[in-house]
Every structure is written in structure tokens, then in C-alpha cells.
Amino acid sequence: MKVKIYAGLLKRIIYGKNLQKMRFFLIKDSSGKYYRRHVDDSDKQTLKQIKKYCRRRFLRFVMVDDRMERSNSYRKKFFDSYHGIFGSGLYLCAYCGRPMRKNKVRVDHIIPVYLAGNSGKYRRILALKGIKTVNDTKNLTASCAKCNGRKGSLGGLWVVRGYFGKSALRVLLKEALYLIAGSFLLYALYTFLCKTVAQLCIEFVIDFVKRNC
């Protein structure tokens, strides 16, 4: 279990030494400064003490299961398991259906890493699907750059769309249904126009005959 404690400058001055004694290390990255420590999942007593310490001092903390952390090999893992539509090397974006070659694919976590690590609701969804780690191939899908950028760490309908669109056959079925529906509408419009034009021609001929007889 990775424990992160977020503290502003004043709280770092007040509680910094105590946190270091508790074996926390001050980390600085793009998100700012925070204290971090790894605690074994089985050490429930230590985790309980850390929670109590933070709550009493109004320190914001996050406990992230190691299994819900982004791995360095999830992209390779995905391509080792999925070789495109019918093994062709052609992938479809799970969110918009856009076809892509491997070098254009953004491998996306359907339930984002952030939500998997910070939301009990989304961890329960993973558990219901039999997914034990956020980097499981069941939680990975192909995405185009545009959809991947728009989705980011969002959940909700993006997650529904991701799991639904993950299956290439489902995406193809969706596109086929759109094509059939579009063809039907075009045919109906064509039939309507033909009948209308034919009727106008008949009326014109009848009117012309009446005038000249």
C-alpha cells in the first residue's frame, strides 16, 4: 500500500520531522510536494495509526493499493494479448470506432488509474468484473489520441463506452447498424422523390392534354 500525505508549507514545517520519524519521505513531482511511504497491506495496525494521525491534524492523505498503480509494461501487455481485428494489426478506437495502425494506438485504462486508486466505487466495479489490477488486459483498450485526451481520468459514461467498444465485433456491429439505417433512410428518400416526380409528370401531362384538346 502506497501512502501519500499532502501538506502545505506551514504543515510541512510543523509536522515534517514527525512524518520523517514515521518513515515518510518528502517527494516532489509535477503535482507538487507530498510525503510518501510504502506500508505492507497486511500491516493493518500501522495503516490505522497513520489514518488516525492524519485525521487528527487535518492532513489530506491517500492510500493507493499497489495493484492500482500504472505499470511500465501495460502497453506491451496489451499488444501481446490483442493483435487487432481478426489478428490483422488494425485496431478500432473503443470510443469512436476510428481505425488505427499499432503505432497510432493509445492504450487506455478504461477505468483510469486515478479512479482505481482513489475511488472505492470503481474498485468494486473492477472486482465485479474479476479484475484484480488496473493493468489487467480486461481493463485496457485501444483508443485514438483525440478520445484518449478528452477522456483523461474521467469515469461515468466513458467507462461504459470503453467496455462496450472494447470488443471489435461490437464496434463493427454498431457501424453496420449505422450503415443499414443510413441506407434505409436514403432508400426511403429516393422512393419518395421518385413517386413525387412521377406524380408531377403525370399531372403535367394530363393538364397539357386538357389544354390542347
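Residues numbered from 1 in each chain as written. Predicted model: local features only at pLDDT ≥ 70, side-chain atom pairs only at ≥ 80, totals over all residues. Heavy atoms only, no water.

1. Brief notes about the overall build of the chain
Counting secondary structure elements, the chain contains 8 helices and 8 strands. A globule of 213 residues ought to have a C-alpha radius of gyration of about 17 Å, yet the chain, at 29 Å, is considerably larger. Its C-alpha atoms give the chain principal-axis dimensions of roughly 110 × 40 × 30 Å. Taking all 213 residues of the chain together, 34% fall into the buried category. On the chain, roughly 14400 Å² of surface is accessible, and the fraction owed to carbon and sulfur atoms is 60%. In the chain, 45 side chains carry a positive charge and 13 a negative one; their mean positions are 7 Å apart. (Helix = DSSP H or I, 4+ residues; strand = E, 2+ residues; numbered from the N terminus. Rg over C-alpha atoms; globule rule 2.2 N^0.38 Å. Buried < 20%, exposed > 50% of the residue type's maximum accessible area, 1.4 Å probe, protein only. Areas by Shrake-Rupley, 256 points an atom, 1.4 Å probe, with all protein chains shown as cover. Lys, Arg positive; Asp, Glu negative; His and termini not counted. Charge placed at Lys NZ, Arg CZ, Asp CG, Glu CD.)

2. Side note on the packing of aromatic side chains
The description of two aromatic rings rests on the distance between their centres and on the angle between their planes. For the structure on display, the rule yields 7 aromatic pairs. The interplanar angle of 80° and the centroid separation of 6.4 Å between the aromatic rings of Tyr 15 and Tyr 53 together place this pair among those described as edge-to-face. Of this pair, Tyr 15 sits in helix α1 (residues 9–21) while Tyr 53 sits in helix α2 (residues 44–56), and the two are 38 residues apart along the sequence. Given a relative accessible area of 18%, Tyr 15 falls into the buried group. (Phe/Tyr/Trp six-rings, centres within 6.5 Å; stacked < 30°, edge-to-face > 60°.)

3. Digging into the sheet that holds strand β1 (residues 2–6)
The 4 strands lie next to each other as β2-β3-β1-β4, forming an open sheet whose pairing is antiparallel. Across the chains shown, the open sheet's two edge strands, defined by having one partner strand only, are β2 (25–29) and β4 (60–64). Strand-to-strand twist across the sheet, computed as the mean angle between neighbouring axes with direction ignored, equals 30°. Together, β1, β2 and β3 (32–38) form the strand contacts of α1, whose direction differs from that of β3 by roughly 20°. Against the sheet, α2 makes contact with β1, β3 and β4, and its axis sits at roughly 160° relative to β4, the strand it touches most. (Pairing = 2+ DSSP bridges. Axes fitted to C-alpha atoms, helices over the stretch in contact; angles between N-to-C directions. Contact = heavy atoms within 4.5 Å.)

4. Examining the environment of Met 22
When you line up the elements, Met 22 lands in the loop between α1 and β2. As for Met 22 and His 109, which are separated by 87 residues in sequence, their C-alpha atoms are 34 Å apart.

5. Some remarks on a nonpolar patch on the surface
Residues Leu 9, Leu 10, Ile 13 and Ile 14 make up a contiguous nonpolar surface patch of about 460 Å² in total accessible area. With respect to the helices and strands, the residue Ile 13 is situated in helix α1. Using a relative accessible area of 61% as the deciding quantity, one classes Ile 13 as exposed. (Patch = residues over 30% accessible without salt bridge, like charges linked within 9 Å, V, L, I, M, F, W, Y side chains within 5 Å. Salt bridge = Lys/Arg side-chain N within 4 Å of Asp/Glu carboxyl O.)

6. Describing the pattern of salt bridges
Pairs may arise between side chains of opposite charge once their charged atoms sit close together. On inspection of all chains with the given rule, the structure shows 2 salt bridges. Between Lys 76 and Asp 80 there is a salt bridge, with its nearest N and O atoms 2.9 Å apart. One end of the pair is Lys 76 and the other is Asp 80, both in helix α3 (residues 74–81) and 4 residues apart, which spans about a single turn. On the accessibility criterion, Lys 76 (57% relative accessible area) is exposed. Exposure remark for Asp 80: the relative accessible area of 46% places this residue in the partly exposed category. In this structure, Lys 151 engages Asp 108 in a salt bridge whose closest nitrogen and oxygen atoms are separated by 3.0 Å. Note that Lys 151 is positioned in helix α6 (residues 145–151) and Asp 108 in strand β7 (residues 106–109), a separation of 43 residues in sequence. A residue is classified by how much of its surface remains accessible, and Asp 108, at 5% relative accessible area, is buried.

7. Remarks on the nonpolar core
Phe 78, Tyr 95, Val 105, Val 107, Ile 111, Leu 126 and Tyr 163 are the most contacted members of the largest nonpolar core, which totals 27 residues. Of all the elements in the fold, those that place two or more residues in this core are α3, α4 (113–118), α5 (120–128), β8 (140–143) and α7 (157–165). Once you skip the residues sitting within four places of it in the chain, Leu 126 turns out to touch Met 68, Ile 111, Ala 116, Ile 131, Asn 139 and Tyr 163. Judged by nonpolar contacts, the second largest core, of 15 residues, contains Tyr 15, Val 39, Leu 47 and Cys 54. (Core = buried A, V, L, I, M, F, W, Y, C linked by side-chain atoms within 4.5 Å.)

8. A few points about the side chain of Asp 108
Reaching out from Asp 108, the side chain makes a polar contact with the side chain of Asn 148 at a distance of 3.1 Å. Aside from chain neighbours lying at most four places away, what touches Asp 108 is Tyr 95, Asn 139, Leu 140, Thr 141, Ser 143, Asn 148 and Lys 151. (Polar contact = N/O pair within 3.5 Å; in protein donor to acceptor, adjacent residues only side chain to side chain.)

9. As for the pairing of β1
Within β1, 4 of the 5 residues are buried, which leaves the element mostly enclosed by the surrounding structure. The sheet contact formed by β1 and β4 spans 5 bridges and is antiparallel. Within the sheet, the bridge partner assigned to Val 3 lies in β4 and is Met 63.

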